Amino acid sequence: MNTTSISIKSIYIDFKAITKAGLAISVVFSSVAGFLLGVSDIFSLDWMILLKLVIGGYCMVGASNAYNQVIEKDLDALMDRTKNRPVPAGRMSPNLALVIASILTLIGIILLYTINPKTAMFGAISIVLYTSMYTPLKTVTPLSVFVGAIPGAIPFMLGWVAATGNFGIEAGTLFLIQFFWQFPHFWAIGWFLFEDYEKAGFFMLPTGKKDNATALQILLYTAWLIVASLLPSLGYTGQLFISPVATVLVFLLGLWMLFYGVKLYKSRTPKAARTLMLVSVAYITLLQLIYIFDKILR
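An account of the accompanying structure is given in this report.

Reading the values: the criteria
Residues numbered from 1 in each chain as written. Predicted model: local features only at pLDDT ≥ 70, side-chain atom pairs only at ≥ 80, totals over all residues. Heavy atoms only, no water. Helix = DSSP H or I, 4+ residues; strand = E, 2+ residues; numbered from the N terminus. Rg over C-alpha atoms; globule rule 2.2 N^0.38 Å. Buried < 20%, exposed > 50% of the residue type's maximum accessible area, 1.4 Å probe, protein only. 1 Å grid on protein atoms, 1.4 Å probe; cavity = no way out; pocket = protein on both sides within 12 Å on 5 of 7 lines; lining within 4 Å. Points joined across faces, edges and corners; volume = space filled by probe spheres on them. Nonpolar A, V, L, I, M, F, W, Y, C, P; charged D, E, K, R; others polar. Expected span 1.5 Å × (residues − 1). Axes fitted to C-alpha atoms, helices over the stretch in contact; angles between N-to-C directions. Parallel < 35°, antiparallel > 145°, perpendicular 65-115°, else oblique. Left-handed = near helix turned anticlockwise from the far one by under 90°. Contact = heavy atoms within 4.5 Å. Salt bridge = Lys/Arg side-chain N within 4 Å of Asp/Glu carboxyl O. Patch = residues over 30% accessible without salt bridge, like charges linked within 9 Å, V, L, I, M, F, W, Y side chains within 5 Å. Areas by Shrake-Rupley, 256 points an atom, 1.4 Å probe, with all protein chains shown as cover. Phe/Tyr/Trp six-rings, centres within 6.5 Å; stacked < 30°, edge-to-face > 60°. Lys NZ or Arg CZ within 6 Å of the ring centre and 35° of its normal. Lys, Arg positive; Asp, Glu negative; His and termini not counted. Polar contact = N/O pair within 3.5 Å; in protein donor to acceptor, adjacent residues only side chain to side chain. Core = buried A, V, L, I, M, F, W, Y, C linked by side-chain atoms within 4.5 Å.

## Concerning the overall build of the chain
Item 1. Per the secondary structure count, the chain includes 12 helices and zero strands.
Item 2. Ordered by position from N to C terminus, the α and β elements of the chain give α-α-α-α-α-α-α-α-α-α-α-α.
Item 3. Radius of gyration (C-alpha) of the chain: 19 Å, near the 19 Å computed for a compact globule of 298 residues.
Item 4. C-alpha extents for the chain along the principal axes are approximately 55 × 50 × 40 Å.
Item 5. The buried share of the chain, reckoned over its 298 residues, is 50%.

## What about the layout of surface pockets?
Item 1. Roughly 170 Å³ of volume is contained in the second largest pocket.
Item 2. Looking at the second largest pocket, it is lined by 13 residues, and the ones nearest its centre are Leu37, Val39, Trp160, Gln239 and Lys295.
Item 3. Listing elements by their share of the lining of the second largest pocket, those giving two or more residues are α2 (21-38), α7 (144-164) and α12 (270-297).
Item 4. Here the lining of the second largest pocket is built from residues that sort into seven nonpolar, four polar and two charged.

## Overview of α2
Item 1. The terminal C-alpha atoms of α2, which comprises 18 residues, lie 25 Å apart, in line with the 26 Å expected from a rise of 1.5 Å per residue.
Item 2. When you tally the buried positions in α2, you get 13 out of 18 residues, the bulk of the element.

## Focus: the packing of helix α6 (residues 117-137) against α7
Item 1. Contact geometry of α6 with α7 gives a least axis separation of 9 Å together with a crossing angle of 165 degrees. On the basis of their axis angle, the class for α6 and α7 is roughly antiparallel. Classified by chirality, the crossing of α7 by α6 is left-handed. Of α7, the residues touching α6 (which contributes Lys118, Thr119, Phe122, Gly123, Ile125, Ser126, Leu129, Tyr130, Met133, Tyr134 and Leu137) are Ser144, Val147, Gly148, Ile150, Pro151, Ile154, Met157, Leu158, Val161 and Ala162.
Item 2. Grouping the amino acids of the contact of α6 with α7 by side-chain chemistry returns 15 nonpolar, five polar and one charged.

## A short note on the pattern of salt bridges
A side chain with one charge may pair with a side chain of the opposite charge, provided their charged atoms come close.
Item 1. The full count for this structure, using the stated rule, is seven salt bridges.
Item 2. Salt bridges here are not isolated pairs; linked through shared partners, they connect Asp80, Lys83, Asp196 and Lys199.

## Focus: a nonpolar patch on the surface
Item 1. Judged by side-chain polarity, Val245, Val248, Leu249, Phe251, Leu252 and Leu255 come together as a nonpolar surface patch covering roughly 540 Å² of accessible area.
Item 2. Tracing the sequence through the fold places valine 248 in helix α11 (residues 244-267).
Item 3. On the basis of relative accessible area, valine 248 is assigned to the partly exposed category, the value being 48%.

## Focus on the packing of aromatic side chains
Item 1. For the structure shown, the criterion picks out 15 aromatic pairs.
Item 2. Taking the centre distance of 6.1 Å and the plane angle of 20 degrees together, the rings of phenylalanine 180 and tryptophan 224 count as stacked. Taken together, the residues span a long stretch of sequence, with phenylalanine 180 in helix α8 (residues 169-192) and tryptophan 224 in helix α10 (residues 212-230) at a distance of 44 residues.
Item 3. The exposure class of phenylalanine 180 is buried, given its relative accessible area of 14%.
Item 4. For tryptophan 224, a relative accessible area of 51% gives the class exposed.
Item 5. Put simply, the rings of Phe146, Phe175, Phe179, Phe180, Phe183, Trp187, Tyr221 and Trp224 touch in pairs and so form one group of aromatic residues.
Item 6. The ring centre of phenylalanine 202 lies 4.6 Å from the NZ or CZ of lysine 138, which sits over that ring.

## A word on the side chain of aspartate 211
Item 1. Looking at the element boundaries, aspartate 211 is found in the loop between α9 (194-200) and α10.
Item 2. Although aspartate 211 is buried, it makes no salt bridge; lysine 209 carries the closest opposite charge, 5.4 Å away.
Item 3. Looking at aspartate 211, its side chain comes within polar contact range of the main-chain nitrogen of threonine 214, at 2.9 Å.
Item 4. Those residues within four positions of aspartate 211 in sequence are excluded, and the remaining contacts are Trp191 and Arg268.

## Focus: the nonpolar core
Item 1. Counting 91 residues, the largest nonpolar core has Phe35, Leu37, Leu53, Leu287 and Tyr291 as its most contacted members.
Item 2. Discounting residues that sit within four places of it in the chain, leucine 287 has contacts with Ile177, Ser229, Val250 and Leu253.

## Points about unusual backbone geometry
Item 1. Although it is not a glycine, lysine 20 sits at a positive phi angle of roughly 50 degrees.
Item 2. Looking at where lysine 20 falls in the secondary structure, it is placed in the loop between α1 (3-19) and α2.
Item 3. Within the chain, arginine 268 stands out as a residue other than glycine whose phi angle is a positive 55 degrees.
Item 4. Inspection of the secondary structure puts arginine 268 in the loop between α11 and α12.

Right, dumping it as structure tokens:
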């Protein structure tokens, strides 16, 4: 293998790391799910708009992650899970990371604006909130998770806005679902990575401790997540609704996640927290798939 191929491969790997490709793809999937729910006919959708949403969405999420890694470069160097990222490891300069983030921001906003101005506006809001509020608050207060849940909940809703050009009860409901989902998901991460976060002085748990009060809040927000996920079954969320069969599936999915929340409450172990985190990822993915297939099969 020659030097050029090694260099290209390393650039590709660092680009994936600076944009957090895995996370970015999962976020884009949420946007696509919202888009498919928003279009009037899935089988005759505008593929160009969907492509713009995918690329623009990835750029916006990637930009947020890159800005975050520049801001937290010194703190990332203290934690085992982040010390090998491109900037703290010295493989990429902060200035280059900023240039990449700026270019991604520009491309993302332009692409989303060509879909419609509201999509671009919400995309821009997500970057501003994530980088200027959530990121600096992580070392100040546990409320940072609440602030971070706002930009974190935008993607699902963003897809609907991209498809319809409107922000109404439907988009608001999708936002609410992903908003409540953020809390058990990130508190579970904060639990099993507690010691690592502590090295950097991050406050990721609501009480600052791995205690019953934090575990109880995880259960309460999981319950709110289940309620929010079932709202489309009540007939009060406009064009967003699910059938009785989908309602049962969503409810069972919620009980599944709640079960692992209870296990964490009882055991309070890092293993239980990690399992809950994985289940939460499966929950939001399966929920979106149930919503989509329910729309297709109705």
